[in-house]
Amino acid sequence: MKIGKYYWLVLSLSLACLCGCVSRPDIVIEDFEFDGGFEQSPYGAWSVEGTAFGAGPATGGVDGQNAVTGFAGQRFANSFHGGDNSLGTLLSYEFTIQRKYINFMMGGGFLSGTYIELLVDGESVRKSAPLFPTEELNWMSWEVSDLEGEKAQIRIVDRQTGGWGHTMIDQIEMSDQDKSIFRAQYVVDFAVDKKYILLPIQDDAREYRITVKVEGKKIMEPIKVRLAESRIDYWMPLDVEAYKGKNVSFNFDYVYAGAVGLENLTLSDAFNFDYNEPYRPDYHFSPCYGWTNDPNGMFWKDGEYHLYYQYNPYGTRWGNMHWGHAVSKDLCKWKHMPVAIAPDSIGAIFSGSAVVDHNNTAGFGRDAVIAVYTSHREDPHRLSISQVQSISYSTDNGTTFTPYEGNPVLADPHYIDFRDSKVRWHEPTARWIMTLATGQTITFYASKDLKEWEKLSSFGEGIGAKGGVWECPDLFPLDYNGTEKWVLLVSINPGAPNGGCATQYFIGNFDGRTFTADPLPYPLWIDYGCDNYAGVTWSNVPQDRILFIGWMSNHAYANFVPTHYFRNSMTVPRDLHLVHNGKHVVLASYPAAEIDGLHGSSVEMPDATIQETHLVSGLAEMLRGAYDMTFTLTPLSNAPFGFTLCNDADECVAFTFDPAQNTLSVDRSRSGNVDFYPTFYVDPIKSPLPMRKSYRVRLLIDKASSELFVNGGEVVQSNIFFPSASFNRIKFHTEGGNVALSDMTVYEMK
Ligand code: FRU
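Everything numeric in this text was worked out from a predicted model, so none of it was measured. (Residues numbered from 1 in each chain as written. Predicted model: local features only at pLDDT ≥ 70, side-chain atom pairs only at ≥ 80, totals over all residues. Heavy atoms only, no water.)

A. Molecular detail of the domain arrangement of the protein chain. By the assigned domains, the protein chain splits into domain 1 (27-180), domain 2 (183-268), domain 3 (290-591) and domain 4 (593-749). A straight line from the C-alpha centre of domain 3 to that of domain 4 covers 30 Å. At the interface, 40 residues of domain 3 touch 32 residues of domain 4. For the pair domain 3 and domain 4, the summed buried area comes to about 2800 Å², and 62% of that belongs to carbon and sulfur atoms. Where domain 3 touches domain 4, the interface holds 3 salt bridges. Between R545 and E594 there is a salt bridge, with its nearest N and O atoms 2.8 Å apart. Taken together, the links from domain 3 to domain 4 amount to 20 residue pairs in polar contact (both at pLDDT 80 or more). (Domains from an automatic or database assignment. Contact = heavy atoms within 4.5 Å. Buried area = accessible area lost by both parts, 1.4 Å probe. Salt bridge = Lys/Arg side-chain N within 4 Å of Asp/Glu carboxyl O. Polar contact = N/O pair within 3.5 Å; in protein donor to acceptor, adjacent residues only side chain to side chain.)

B. Representation of the site of the ligand in the model. The full set close to the ligand counts 13 residues, and D294, Q310, R419, D420 and H555 are the nearest of them. Note that an oxygen atom of the ligand is positioned 3.1 Å from one of the backbone N or O atoms of S351. The side chain of R419 places a nitrogen or oxygen atom 2.6 Å from an oxygen atom of the ligand. When the ligand sits alone it has 320 Å² of accessible area, and the protein chains cover 95% of it. Contributions of two or more residues to the shell around the ligand are made by β20 (290-301), β24 (348-357), β28 (418-426) and β32 (469-480). Split by residue class, the shell around the ligand holds 5 nonpolar, 4 polar and 4 charged. (Near = heavy atom within 4 Å. Areas by Shrake-Rupley, 256 points an atom, 1.4 Å probe, with all protein chains shown as cover. Helix = DSSP H or I, 4+ residues; strand = E, 2+ residues; numbered from the N terminus. Nonpolar A, V, L, I, M, F, W, Y, C, P; charged D, E, K, R; others polar.)

C. Main features of the pairing of strand β54 (residues 739-749). In terms of burial, β54 is largely enclosed, as 8 of its 11 residues are buried. Here 5 bridges tie strand β42 (residues 599-605) to β54, and the two strands are oriented antiparallel to one another. Looking at the pairing, H599 lines up with M749 of β54. Summarising the sheet, strand β43 (residues 608-610) and β54 pair through 3 bridges and their orientation is antiparallel. Bridged to T609 within β54 is A740. (Buried < 20%, exposed > 50% of the residue type's maximum accessible area, 1.4 Å probe, protein only. Pairing = 2+ DSSP bridges.)

D. Local environment of unusual backbone geometry. Residue P408 is reached from N407 by a cis peptide bond, and omega for that bond is 0 degrees. Positionally, P408 belongs in the loop between β27 (402-403) and β28. The phi dihedral of D302 is positive, around 50 degrees, even though this residue is not glycine. Mapping D302 onto the fold places it in the loop between β20 and β21 (304-312). On the basis of relative accessibility, which here comes to 57%, the residue D302 falls in the exposed class. Phi is positive for D420, which is not a glycine, with a value near 70 degrees. The residue D420 is located in strand β28 in this model.

E. Inspection of the sheet that holds β20 at higher detail. Taken in spatial order, the 5 strands make up an open sheet running β23-β22-β21-β20-β39, and their pairing is mixed. At either margin of the open sheet sits one strand with a lone partner, and together these are β23 (335-341) and β39 (566-567). As paired strands, β21 and strand β22 (residues 322-328) are joined by 7 bridges and run antiparallel to one another. What sits directly across from Y311, in β22, is H322.

F. Summary view of the state of the cysteines. Summed over all chains, the structure comprises 0 disulfides. C332 carries a free sulfur, and the closest cysteine sulfur to it, the one in C288, is 20 Å from it. Assessed through its relative accessible area of 6%, C332 is described here as buried. Of all cysteine sulfurs, the one in C530 lies closest to C501, which takes part in no disulfide; the gap is 9.0 Å. (Disulfide = S-S within 2.5 Å.)

G. Just the packing of aromatic side chains, in detail. Evaluated as defined, the whole model comprises 61 aromatic pairs. With a centroid separation of 6.4 Å and an interplanar angle of 70 degrees, the aromatic rings of Y93 and F95 are classed as edge-to-face. Here F95 falls in the buried class, since its relative accessible area comes to 7%. The interplanar angle of 90 degrees and the centroid separation of 5.1 Å between the aromatic rings of F631 and F643 together place this pair among those described as edge-to-face. (Phe/Tyr/Trp six-rings, centres within 6.5 Å; stacked < 30°, edge-to-face > 60°.)

H. Region of the structure containing the nonpolar core. Of all hydrophobic cores here, the largest spans 59 residues; its most connected members are L199, V225, L227, F250, F252, W334 and W538. Both domain 2 (183-268) and domain 3 (290-591) contribute no fewer than three residues apiece to this core. With residues near it in sequence (within four places) discarded, L199 still touches V225, Y234, W235, M236, F250, L265 and Y314. If you look at the next biggest cluster of nonpolar residues, it comprises 47 residues, including L645, F680, L708 and M744. (Core = buried A, V, L, I, M, F, W, Y, C linked by side-chain atoms within 4.5 Å.)

I. Up close: a negative patch on the surface. Taken together, the side chains of E94, D121, E123 and E150 define an acidic patch exposed on the protein surface. Assessed through its relative accessible area of 34%, E150 is described here as partly exposed. (Patch = residues over 30% accessible without salt bridge, like charges linked within 9 Å, V, L, I, M, F, W, Y side chains within 5 Å. Lys, Arg positive; Asp, Glu negative; His and termini not counted. Charge placed at Lys NZ, Arg CZ, Asp CG, Glu CD.)

J. Quick look at the sheet that holds strand β13 (residues 196-201). A sheet is described by the order of its strands in space; here 3 strands give the open sequence β17-β13-β19, paired in antiparallel fashion. The open sheet has two edge strands with one neighbour each: β17 (234-239) and β19 (266-268). Taking the axes of each pair of neighbouring strands and ignoring which way they run, one obtains an average angle of 35 degrees across the sheet. Looking at chain direction, β13 and β19 are connected through 3 bridges and run antiparallel. Bridge assignment links L198 to a residue of β19, and that residue is T266. (Axes fitted to C-alpha atoms, helices over the stretch in contact; angles between N-to-C directions.)

In structure tokens:
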């Protein structure tokens, strides 16, 4: 070992000598390691104008600035003194350029009014700003070999007000080495002879914006990729089959020069990965690979249920929003279809709905499928955002969509959050009604043709939960004892009863123009668990059935859940109906009857009276990760009681009914991997529990999720977890009194 190292040292020394390039030492122009100080000019030999650079170099963030990192030594020049609106310049002393490069560390804003420049004879000969706004100082560099021997000065300028109106500089040096760590306008070329370019991804790397070009022409909207910087976590495919024999180039706005991903971009005919990773659900919909959040655009047509979903095909974190697509005949098994809608020049494809246009109101053909969704555009640094509504039509049953050339069909610059258009046909007024989330209200619009929209009314002032932004609304009628009621779903992020995001609802009337909520104890939640968000209903389902599906995760931690090639799944499809909970009307949800079609073998367990604990034996064979069970619990006193799922690693999820407190709580604090992200909620997840003589329980388990329905869905909790082995035991317990367990059946899911 030693000898090897020694030889290597000798070899490198001799190579250096052979090159005759024993490099010249760096010359520091300024390191800002002085404190301004009393009686001294605040920036030493530099002349200062304005107030932005303060009374000398800073030691970190100033005046409420976020933490600043990356600078060398103790101090650096910072123009945040007085905030983003203060202005100023620093002009260096004169020096002679004596090396090939001038390197410096820079952070702060990237807009036109903050920069560093090199002056020769008072003329600006080089000028730079960071490639992206950041409070981290990073090395940047000017190649100045043509200027060696010239006298020069450096000027640091802050003439920018508003957001990112500040700059930060440190460690200005002359060197024979280029120290910059990002390459701007970097291009990687491929002579395509295979089906895919495999993208090496590091889950927590920066997102780099890539414009993909073929023979120099952009072929799709730029994508953001977390290209591996120091390690490759997984790969995502970009299908380039259509360009075989051509030159495909990746044009990075900028990229980390040392990124391992750059050398590992790979042409390949195969994209192989382990689909059956440990937390892959058996019977819940999850994307084949990549990220999903909200379900979108669901409709039924010709015997098939279509499900679209917010989809990132280039990583397993949120981003690059497309509509992925899946189809099912039975709501049990889903077939993955090609991506249905990809970002276009108007924006990324955010959440929305789809309708079957039986009467050809939009002119795209009888029974065309029309998707109505939010086009979301942001500048590359997410500093400005625009949201408008667009439509796309499909004449092949929802497989491919063409954007309408008149897009967008609805805009209102008054709102930043203007999204998630959900459309349904309103027979009494013979027009389409759009329900749209607008800030913390819902606005209703009407249209005869899905293209021209008229504003009707808005709902939400002074009512409901307001702890976050309102999203993904849905408005639909439901029968309640022979009367038509209207239900308005409103998802909210954050502001959920148990943390993060959840879906609230209102019950009332809709007259074709205005929604009026009945007086009920709002907020009311469709699911009190942590993991049912952004759910909406299918359109065009026979018998006016109101069929719902939610996203079974939570924005608080969804980007970090410990899965590998995919992230997140949906709840089971659920039927919605109105019931009385003993106090008032509530929106109940219950697994669609079709789900019973997944039942494999089953066992009926004997009735029992539980005192303290009762382990149901003989179930280990059945409880192999995906199962469904039903049973009735009848408390014989007011003491808390419940049941616990456990595994061989002593991990568990506990469900506790507390009749005295009127709560039902789910405790996942010992459910396995709970540390993958700090906001994975581990406090007991609570819901109100109406007083009942007995509680009929339905529990659906699918490896990493539990969906609990009590008394036909008048109380629901959906929660995810990440155990190291399947929960294969169930134990009932009471804390004092006795409880009768009856009518228990356990089904294996096929
Ligand atoms: C809800 C949401 C929607 C938006 C979409 C973007 O989860 O924030 O409001 O349309 O996700 O992916």
